[in-house]
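# Observations on chain architecture
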Amino acid sequence: MPFFAYKARNARGELLQGVLEGADSGGVADQLFNTGVTPVHIVETSSPVVDGDESWWTRLTEKKVQPMDVQLFSRQLYTLLKSGVPIMRGLSGLQESAINKSFGRVVKDLRDSLDAGRELSAAMRRHPTVFSPFYVNMVRVGELTGRLDEIFLRMFDYLEFDREMKARISAALRYPIFVVSAMVIAVGVINVFVIPAFAKVYAGFNAELPLMTRILIKTSEITVQYWPLVIAVIFGAVIMFRVYIGTESGRYNWDKFKLKIPIAGKIILKGTLARFARTFALSSKSGVPIVQGLNVIAQTVNNSYIASRVEQMRDGVERGESILRTAVTTGVFTPVVLQMVAVGEETGELDDLMDEVAQMYEREVDYELKTLSAQIEPILIVMLGVLVLILALGVFLPIWDLGQVALKKG
């Protein structure tokens, strides 16, 4: 159905504006009247969110909504609901106190949607770049079970874990990225400036050069003479790769390949299993049915290959199979996870055991990330040694050969 932007006044005479779905403008007007709001202006729009009065330049330059905004919003809303503050008054206070103007507008749209009769989860679904499908589904569960305050507290903890994980990965990769970048820059400088200078010197020798030297000189010539083509090829390859992983099959194959990368693969797998276990425990404790919970988990593991295996588990559970049996057939879960699932199913404490699994994998990921630099350092040293060896053989071997010839003649 199309979207319609509206302006209306409530019983207190306050001007409200927002966007509603409807078959036509009359249907939207009926929705507004049913909620005690009198429509003033209704017009069809392509945007599911009200645009507001800010200029396009303000929208372009202002700070975007950050994950920390959503995390703090969850903690604040939990505190307000736990204290008995009505959700409309709580959202009003959060809107006024929002430091990030973009997020303030999101909170305002949530208020307008609630005022127009929408549920909170439906209002959040209109902002997919701010609230993930998992977040929206969990809020929906909170609405159905009457435990919305608990859901927001658990989502705060979940988002905190997710943020810390990303921060640790970023910190661990900072050193390797710096070293690799420095090596790439050094190779570029040598190709463009150093090797051409040596090539002029070698040209005056009128002697056959070693194979490694000829390869370096030819590579340098291609780089200097056809650098626009080289850059175009690199950019083209990057774009083609991004397009490929943007497809369903490409994303699946890339996510599957990432799990096999030395050193990084095991960290990605453990991090994914930690997210799976944490999400499973959260949804189970919140009263989400197993099938629905697995469907939600598949959207949050952030790996298409693992997600397909979780969906395979969901289909097996729907057919009446046990969680352990379906988990074994996927072939991606470690024996520790399978053992925990077996004990949890037998004792009825699967959510608590999955919480322990999540904590165990989080500790392992934390240890792996702390030692990541030490694990990568030998590889970087070998790469640097090979680079120096190639340059030494290519640049200095001809000089050494000519020196030996000169000594024999002397």
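Residues numbered from 1 in each chain as written. Predicted model: local features only at pLDDT ≥ 70, side-chain atom pairs only at ≥ 80, totals over all residues. Heavy atoms only, no water.

Regarding its fold elements, the chain presents 18 helices and 3 strands. A compact globule built from 410 residues should have a C-alpha radius of gyration of about 22 Å, whereas the chain, at 30 Å, is more than 25% larger. Put simply, 61% of the contacts in the chain that link residues at least 6 apart link residues at least 24 apart. Counting every atom, the chain has about 23,200 Å² of accessible surface; 62% of that belongs to carbon and sulfur. The centroid of the 44 positive side-chain charges in the chain is displaced by 7 Å from the centroid of its 43 negative side-chain charges. (Helix = DSSP H or I, 4+ residues; strand = E, 2+ residues; numbered from the N terminus. Rg over C-alpha atoms; globule rule 2.2 N^0.38 Å. Contact = heavy atoms within 4.5 Å. Areas by Shrake-Rupley, 256 points an atom, 1.4 Å probe, with all protein chains shown as cover. Lys, Arg positive; Asp, Glu negative; His and termini not counted. Charge placed at Lys NZ, Arg CZ, Asp CG, Glu CD.)

Moving on: a nonpolar patch on the surface. Together, I222, Y226, L229, V230, V233, I234 and V238 give the surface a local cluster of nonpolar side chains, amounting to about 620 Å² of exposed area. Of all the elements, helix α10 (residues 227-246) adds the most residues to the nonpolar patch, at 5 residues. With respect to the helices and strands, V230 occurs in helix α10. (Patch = residues over 30% accessible without salt bridge, like charges linked within 9 Å, V, L, I, M, F, W, Y side chains within 5 Å. Salt bridge = Lys/Arg side-chain N within 4 Å of Asp/Glu carboxyl O.)

Put simply, helix α12 (residues 264-285) and helix α13 (residues 290-298) touch, their axes get as near as 10 Å, and they point 145° apart. Two packed elements cross with a definite hand, and for α12 against α13 that hand is right-handed. Across the interface between the two elements, F276, T279, F280 and S283 of α12 pack against I290, G293, L294 and I297 of α13. The residue inventory of the contact of α12 with α13, partitioned by class, reads 5 nonpolar, 3 polar and no charged. (Axes fitted to C-alpha atoms, helices over the stretch in contact; angles between N-to-C directions. Left-handed = near helix turned anticlockwise from the far one by under 90°. Nonpolar A, V, L, I, M, F, W, Y, C, P; charged D, E, K, R; others polar.)

The subject of this paragraph is the packing of aromatic side chains. If you walk through the whole model with that rule in mind, you get 10 aromatic pairs. Taken together, a centroid distance of 6.3 Å and an interplanar angle of 90° make the contact between F73 and F152 edge-to-face. Pair noted here: F73 is in helix α3 (residues 67-82) and F152 is in helix α8 (residues 148-203), with a separation of 79 residues, a long-range link. The pair F73 / F152 is uniform in exposure class, with both members buried. Ring plane angle 65° and centroid distance 5.6 Å describe the contact between Y252 and Y305, whose orientation is recorded as edge-to-face. Pair noted here: Y252 is in helix α11 (residues 248-258) and Y305 is in helix α14 (residues 304-318), with a separation of 53 residues, a long-range link. Three or more aromatic residues joined by ring pairs make a cluster, and in this case those are F73, F103, F131, Y135 and F152. Residue placement shows R75 over the ring face of F156; its charged tip is 5.8 Å from the ring centre. (Phe/Tyr/Trp six-rings, centres within 6.5 Å; stacked < 30°, edge-to-face > 60°. Buried < 20%, exposed > 50% of the residue type's maximum accessible area, 1.4 Å probe, protein only. Lys NZ or Arg CZ within 6 Å of the ring centre and 35° of its normal.)

Among the residues of helix α15 (residues 323-330), those classed as buried are I323, T326, A327 and T330. Viewed end-on, α15 has its buried residues packed into an arc of 100°, placing them on one side of the element. Looking at the buried residues of α15, the elements they touch are α12, α13, α14, α16 (335-347) and α17 (350-370). A positive backbone phi angle near 75° is found at G331, which sits one or two residues after α15. (Arc of directions from axis to C-beta.)

Unusually for a residue other than glycine, I263 sits at a positive phi of about 65°. Assignment of secondary structure puts I263 in the loop between α11 and α12.

This paragraph deals with the environment of G142. Among the structural elements, G142 can be located in helix α7 (residues 133-145). Given the relative accessible area of 2%, G142 is considered buried. Along the chain, G142 and V288 lie 146 residues apart, while their C-alpha atoms are 9.5 Å from each other. Ignoring anything within four residues of it in the chain, the contact list for G142 reads R147, L148 and I151.

At their nearest, the axes of α8 and α12 sit 11 Å apart, and the two run at 175° to each other. When the interaxial angle is binned, α8 and α12 end up roughly antiparallel. Residues R154, M155, Y158, F161 and D162 of α8 lie in contact with α12, whose contacting residues are A274, R275, R278, T279, L282 and K285. The residue makeup of the contact of α8 with α12, split by class, is 5 nonpolar, 1 polar and 5 charged. (Parallel < 35°, antiparallel > 145°, perpendicular 65-115°, else oblique.)

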